[in-house]
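Residue-level listing of the chains:
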Amino acid sequence: AAAAYAAWSAWSWSKSGGVDKVALLGQAYAAGGVLAPLRQAAVNARWYLSDWGGGFLPPSRASGALALAVGAALGLLAARGLLRALRRRGDDPAAWVLLGAAALHALWGWQYERYLLPLLPLMLWALAEGLERAAAPALAVLLVLQLGAQTLPRLGRPSPWRTPELARTYAWLSARPRPALLSSAMFVRDGWWSGLPSAALPDAPDAAAFAAALKSERAAYVLRQDGLDVGMGGDPGSSLRRGLERDDAFLDDARYFRKVHEEPSEHAQIFVPR
């Protein structure tokens, strides 16, 4: 793994002069102090345990104290299973892969459900090890709960992922005269769906500098999506989230920006620099 990462890092450095993931890690800990890793680990543990536990509960209860309690119970049993596996075989590859993944995701500043997908087989294996003889009936109960709470209520219903979440906003943008540069926080996604060339939001200390930077880039439109999920939902005080909130506040400054379109159902607004 170290050799593969070193080779990839060398290639990235040769092409861009940096390694994106290292830069992102620095961004996550930009102003956290020496205790930042411990705080991040606590935030991530709470988020991932709640996410795991919520998968066995109805959608209305899939977040909150109950989901955390279920996830914590499953996590403790899985930890017990890992200890049993390592006592039986000190170099158990499955146990060390899961421990390494846990360490990685404890320190990484972003939280996404998709991070758990490749780990679920190992998590369920560790859980079965921890449950010992009760594993088969207990896992059967969990499967029934998951099917009943998460799968059956969704059968026959249209998928919310049939269309982009900002479909109406993108349709409006697609109808604008070309060429028109779009700037947004999720600029790759938004540029793809709107069919417009796109760029990231500039980093600026105030609304005047923010507007000036957008004008220098010839940005015709700025897209703001309220409640944007940037994978840091477990850490409201993160530097990235604070930066997005700052940019959102800049767009509300009527001296420098004018709102030209809004889609309340999508929590999206389009602004143009004055």
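All chains use their own residue numbering, which begins from 1 and follows the written sequence. Residue-level local features of this predicted model are given only where pLDDT is at least 70; pairs of side-chain atoms are given and counted only at 80 or more, and the full residue set underlies all totals for whole chains, interfaces and linings. As a rule here, side-chain values cover all heavy atoms of the structure and leave hydrogens and water aside.

Draft legend 1. A look at the overall build of the protein. Where helices and strands are cited, they refer to DSSP runs of H or I of at least four residues and of E of at least two residues respectively, numbered from the N terminus. Within the protein, the secondary structure is distributed over 11 helices and five strands. Contacts between residues were defined by any pair of non-hydrogen atoms, one from each residue, lying within 4.5 Å. Of the contacts made within the protein by residues no fewer than 6 positions apart, 59% connect residues no fewer than 24 positions apart. Per-residue accessibility takes into account occlusion by the displayed protein chains alone, with areas from the Shrake-Rupley method and a 1.4 Å probe. For the protein, the accessible area works out to roughly 16,000 Å², and carbon and sulfur atoms hold 64% of it. Positive charges come from Lys and Arg, negative ones from Asp and Glu, while His and the chain ends are left out of the count. For the purpose of locating charges, the reference atoms are NZ of Lys, CZ of Arg, CG of Asp and CD of Glu. Charge separation in the protein, taken as the distance between the mean sites of 29 positive and 23 negative side-chain charges, equals 3 Å.

Draft legend 2. The sheet that holds strand β1 (residues 181-184), seen in detail. For two strands to count as paired, DSSP must find a minimum of two bridges between them. Spatial strand order, β2-β1-β3-β5-β4: five strands in an open sheet with mixed pairing. Each edge of the open sheet carries a strand with a single partner, namely β2 (198-200) and β4 (257-263). Looking at each pair of strands side by side, their axes are set apart by 30° on average, direction ignored. Direction of pairing for β1 relative to strand β3 (residues 219-225): parallel, over a ladder of four bridges. Across the sheet, residue Leu181 finds its bridge partner in β3, namely Ala219. Axes, fitted as lines to C-alpha atoms, cover a helix only where it is in contact. Angles between the N-to-C directions of the axes lie from 0 to 180 degrees. Sitting on the sheet, helix α10 (residues 207-216) is in contact with β1, β3, β4 and β5 (268-273), with an inclination near 75° to β4.

Draft legend 3. Focus on the nonpolar core. Counting residues in each nonpolar core, the largest one holds 22 residues, and the members touching the most others are Trp52, Leu74, Trp110, Tyr115, Met123 and Leu127. Elements with a minimum of two residues in this core: α3 (36-54), α4 (65-88), α5 (93-107), α6 (120-131) and α7 (135-151). With residues up to four places along the chain from it excluded, the contact list for Trp52 reads Gly71, Leu74, Gly75, Ala78, Leu120, Met123 and Leu127. The set of buried Ala, Val, Leu, Ile, Met, Phe, Trp, Tyr and Cys residues whose side-chain atoms join them within 4.5 Å is what this entry labels a nonpolar core. To sort residues, take the accessible area from a 1.4 Å probe on protein chains only and compare it with the maximum for the residue type: under 20% means buried, over 50% means exposed, and anything in between is partly exposed. Core analysis: the next-biggest nonpolar cluster, separate from the first, contains 13 residues, Ala204, Ala207, Phe257 and Phe271 among them.

Keep in mind these numbers describe shape, not what the thing actually does.
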